[in-house]
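Fold and contact review
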Amino acid sequence: MSRYPHSVRVDADRCDGRRRCLRVCPTEAIRVRAGETLILEDRCIDCGECITACPSDAVVPRTDSFGDLGRFKHTVVIPSPTLYAQFGRAILPDKILRGLRRLGFDEVFDLAITCGDTSLAIENLLEEHKGPRPLIFNGCPAVVRLIQVKYPNLVDHIVPIKLPQCLAAKEIKETRSRELGLRPEEIGTFYVTPCPAAMIDIQQPATEGESHLDGVISIADVYGPLLAALESVDVESYRRGLESICILGMGWAVAGGMHRTLRIDNVLDVSGISEIIKTLDDVERGRLQNVALVVAYSCPQGCVGGALTVENRYISYNKVLRLLETLEREHIEACRDKREVRERYRRRIFHMEHPYVPRPLRSLDRDLGRAISKRKRKEEIYDGLPKVDCGICGAPTCLAFAEDVVMGDARLTDCIFQAPRRIKELTGEISRLLDAIGGGANP
Amino acid sequence: MQGFSRTFSIAGQDFSKGGSASLEIKEILREMGVDPALVRRVAIAAYEAEMNVVMYAERGEMSVDVDPQTIRLSLDDEGPGIEDIERAMQEGYSTATAEMQQMGFGAGMGLPNIKKNADLFELASTFGKGTSYRITFHVAPAGQP
């Protein structure tokens, strides 16, 4: 079992070597070696950029299928609010939940309510927070991993509150096992997600401690069967449907949504990996200490931009926004009572049991003296490279290639631009050889 | 022979590039496996110094020198210089314009922040000509090999 199992794998049969993934990866975690596309485990942050970029659908998320339901005596499906975002005001969550249940689950759980609770818990956390500022929202697993890998100094800025899906799965297992007389492991909890990184919270949680989720199903996989099931679902009334929506939880699907109705001063919403990197650079320099909370989503527009969604991210973003506006106009806030959440917060129901820890990238060498020599060697190699970042060697940039050579993971001759030089050298060697044996003259 | 050295040019008023040299320095140190807390201190000092050039000077050059014992930042700029160094080192003292403050700079924390993060900070300036910074960090705590 590897140290960091990841959320994606490359299907060698489908990969035709176009190397789009190589170029889009924000942490330079992909290499092509001997014709095979590899993901460097310690660098990958599970953002899913490679899934979206691959023109051959060769980067495959490791999600589960409905077939896995049979392992359990009681199954509960927990959809991310982003599933609702695929439909917006046209089909409301109450109907979607009923439709989902028909796909073979024993029970559906409205995660938006738990998301709303978690927003309120974060509001409580901010009120009493005395540590480093700004805090950084932990709802996006790729952002958490980006910090662990590239900003180890900032791990103590990450919000130490459990993710709603983990909290929900834990509570479901506890209550249902009691009520149904089952063992917790006989109850299957399945998270329907827009995010390829979700499965790693099961196999490789960002903090220690077990996950209570049993499986992860992609929105893309559920969408078709759900649409078919929805045709025969009836709901009481549109108004009742609206009244069942937790506005805070619904907001989790989009950038800017999870704190929309909270009283938090100075929240910074960021989305898209390259913008997040700039923002984290600023946090690291101490420039954003006046900001209380940074809410960052690696996918543009938030989870509606996730690689496993169906609808265009801008359209689903708009759908959520219009739904939120409707709820605001109608003064509907079907979230739990603030006092109740505060009381649970005080009992530390929301707090993570283990802190986030850094997962820094390997350095050139453990010994600083040797690392300095290797860094110099890397620059020498880089100076001799064409700097076109063609990717033919299998590394994303000439600079990354130079590092691979220094670390012994690639050979300088893997660079195609070294070929003419090598041919020239060989030509010289051959003519010298021919001269030496006196065979230089034409017959 | 043993040390690593690299020089960056910094252009005055180039706010879009401002901070890129200190970012690169941070990445170099990270790759070398320098302790993350020390990397952060160097990066903050480098950034404050770099932004001082961007905000006040015509141009400048910043070098980083790394050997197994010390990390040194040296910055020399051509610019207005600092009239009263003692005052400039006080927290909250700033000659930044309202525009710079609008951008989140010029809170009068720059030089004090460099001093706070450095093990040794020498600042020299000729008024009307330029400023030079020598900022030193010890890799291992003093007294340790």
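Every chain begins its residue count from 1, and numbering advances along the sequence as written. Here chains are named by letter from A upward and ligands by number from 1 upward, in the order in which they appear as written. Side-chain atom pairs in this predicted model are given and counted only at pLDDT of 80 or more, local residue features only at pLDDT of at least 70, and totals for whole chains, interfaces and linings cover all residues. For side-chain calculations, the full set of non-hydrogen atoms in the structure is used, while hydrogens and water are omitted.

Helix and strand definitions here come from DSSP, where helices need a minimum of 4 consecutive H or I residues and strands a minimum of 2 consecutive E residues; each element is numbered from the N-terminal end. Helix and strand counts for chain B come out as five helices and five strands. When the elements of chain B are put in sequence order from the N terminus, they spell out β-α-α-β-β-α-α-α-β-β. Put simply, the radius of gyration uses C-alpha atoms, and a globule should come to 2.2 Å times the residue count raised to 0.38. A compact globule built from 145 residues would reach a C-alpha radius of gyration of about 15 Å, and chain B, at 15 Å, matches this within 12%. Relative accessible area decides the class of each residue, using a 1.4 Å probe on protein chains only: under 20% of the type maximum gives buried, over 50% gives exposed, and in between gives partly exposed. Out of the 145 residues belonging to chain B, those deemed buried represent 48%. Pairs of residues are marked as contacts when any of their non-hydrogen atoms sit within 4.5 Å. Excluding contacts between residues fewer than 6 apart, the proportion of contacts in chain B whose partners are at least 24 apart in sequence is 64%. Accessible surface, chain B: about 7300 Å² in total, of which carbon and sulfur atoms supply 49%. With 13 positive and 21 negative side-chain charges, chain B shows a spacing of 3 Å between the two charge centroids. Working definition of accessibility: Shrake-Rupley area with a 1.4 Å probe, residue cover restricted to the visible protein chains. Counting rule applied: Lys, Arg positive; Asp, Glu negative; His and chain ends not counted. Throughout, a charge is located at the NZ atom of Lys, the CZ atom of Arg, the CG atom of Asp or the CD atom of Glu.

It is a probe the size of a water molecule, rolled over the atoms, that shows where empty space is left. Residues and elements named next belong to chain A. Grid points spaced at 1 Å and placed over the protein atoms alone form the basis of the search, with a cavity being a set where a 1.4 Å probe fits but cannot get out and a pocket an open set showing protein on both sides within 12 Å along at least five of seven lines. Lining residues have an atom within 4 Å of a point. Grid points are joined across faces, edges and corners, and a volume is the space filled by probe spheres set on the points. In the structure shown here, the tally under the stated rule is five cavities of 30 Å³ or more. Roughly 320 Å³ of volume is contained in the largest cavity. Taken together, 30 residues line the largest cavity, and the ones lying closest to its centre are G139, P141, Y191, C195 and C303. Of all the elements in the fold, those that place two or more residues in the lining of the largest cavity are helix 3 (81-85), helix 5 (111-128), helix 6 (141-150), helix 7 (164-180) and strand 8 (187-193). When residues are grouped by polarity, Ala, Val, Leu, Ile, Met, Phe, Trp, Tyr, Cys and Pro land in nonpolar, Asp, Glu, Lys and Arg in charged, and all others, Gly among them, in polar. When grouped by side-chain class, the residues that make up the lining of the largest cavity number 20 nonpolar, eight polar and two charged.

To continue, consider the interface of chain B and chain A. Taken together, the contacts link 27 residues of chain B with 25 residues of chain A. Summing both sides of the interface, chain B and chain A together bury roughly 2200 Å²; the carbon and sulfur share of this comes to 51%. Of all residues in chain B, the largest losses of buried area upon contact with chain A belong to E31(B), M32(B) and R40(B), amounting jointly to 30% of the total for that side. A carboxyl oxygen of Asp or Glu within 4 Å of a side-chain nitrogen of Lys or Arg is what we treat as a salt bridge. For the pair chain B and chain A, the interface holds five salt bridges. Defined here as a combined quantity, buried area equals the accessible surface (1.4 Å probe) lost by two parts on assembly, summed across both.

Moving on, we come to the pattern of salt bridges. Residue and element names in this part refer to chain A. One pass over the full model with this rule turns up 46 salt bridges over all chains. Linking D11 and R14 is a salt bridge whose minimum nitrogen-to-oxygen distance equals 3.6 Å. R411 is the salt-bridge partner of D414, the closest N and O atoms lying 3.7 Å from each other. Classification of R411 by relative accessible area gives exposed; the value is 58%.

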